[in-house]
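Reading the structure
Now for the letters of each chain:
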Amino acid sequence: MNFIAIIGIVEKLSKNIDDFKLTIKVEKPLLDFNDEEWYEIVDVDFDKETLVNEIKEVSPGTIIGVKGHIKNINQQMHLIAERIQVF
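What counts as what
Residues numbered from 1 in each chain as written. Predicted model: local features only at pLDDT ≥ 70, side-chain atom pairs only at ≥ 80, totals over all residues. Heavy atoms only, no water. Salt bridge = Lys/Arg side-chain N within 4 Å of Asp/Glu carboxyl O. Helix = DSSP H or I, 4+ residues; strand = E, 2+ residues; numbered from the N terminus. Buried < 20%, exposed > 50% of the residue type's maximum accessible area, 1.4 Å probe, protein only. Pairing = 2+ DSSP bridges. Axes fitted to C-alpha atoms, helices over the stretch in contact; angles between N-to-C directions. Patch = residues over 30% accessible without salt bridge, like charges linked within 9 Å, V, L, I, M, F, W, Y side chains within 5 Å. Areas by Shrake-Rupley, 256 points an atom, 1.4 Å probe, with all protein chains shown as cover. Core = buried A, V, L, I, M, F, W, Y, C linked by side-chain atoms within 4.5 Å. Contact = heavy atoms within 4.5 Å.

Notes on the pattern of salt bridges
Counted by the stated rule, this structure contains 3 salt bridges. Between Glu11 and Lys25 there is a salt bridge, with its nearest N and O atoms 3.5 Å apart. Separated by 14 residues along the polypeptide, Glu11 in strand β1 (residues 4–15) and Lys25 in strand β2 (residues 20–27) bring together distant segments of the chain. The class of Glu11 is partly exposed, set by a relative accessible area of 35%. The partner of Glu82 in a salt bridge is Lys67, with the nearest N and O atoms 3.0 Å apart. One end of the pair, Glu82, is in strand β5 (residues 76–86); the other, Lys67, is in strand β4 (residues 63–73), with 15 residues separating them in the sequence. Looking at Lys67, the relative accessible area reads 36%, which means it is partly exposed.

What follows is the structure in structure tokens.
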């Protein structure tokens, strides 16, 4: 089963008609005291037809949940959103 659910804060958002992209900050599961950052940056890709209505409510700083799957594209793992929930 290829399923992922993640909650984060919107860092960057691109609403270009050809390329919807989202970058979110997610809390690290374990804090390393030598590491100053408490978060990881996750890039989220999605199909504009699937999420065009949900993305209208999103702006930088918004807390969202992402449900989706992982896809290997050109030997890199991508988080592909199927659904988002604004909190």
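Section: the sheet that holds strand β3 (residues 39–46)
One closed barrel holds the 5 strands; their spatial order is β1-β2-β3-β5-β4, and the pairing between them is mixed. Neighbour-to-neighbour, the strand axes of this sheet turn through a mean angle of 55 degrees, independent of strand direction.

A few points about the pairing of β5
Pairing of β3 with β5 involves 3 bridges; the strand directions are parallel. Of the residues in β5, the one forming a bridge with Val44 is Leu79. The pairing of β4 with β5 spans 10 bridges and is antiparallel. Paired with Val66 across the bridge in β5 is Ile84. Count of turn residues in the β4/β5 antiparallel hairpin: 2 residues, of which Asn74 carries a positive phi of about 55 degrees.

Concerning a nonpolar patch on the surface
Judged by side-chain polarity, Ile7, Ile63 and Phe87 come together as a nonpolar surface patch covering roughly 330 Å² of accessible area. Inspection of the secondary structure assignment puts Ile63 in strand β4.

Let's talk about the nonpolar core
Grouped together as the largest cluster of nonpolar side chains are 17 residues, with contacts concentrated most on Leu22, Ile24, Val44, Phe46 and Val66. Among the secondary structure elements, those contributing two or more residues to this core are β1, β2, β3, β4 and β5. When residues of this core are assigned to their parent elements, the largest contribution, 4 residues, is made by β2. Residues within four places of Phe46 in sequence aside, it is in contact with Phe20, Lys21, Leu22, Leu51, Ile55 and Ala81.

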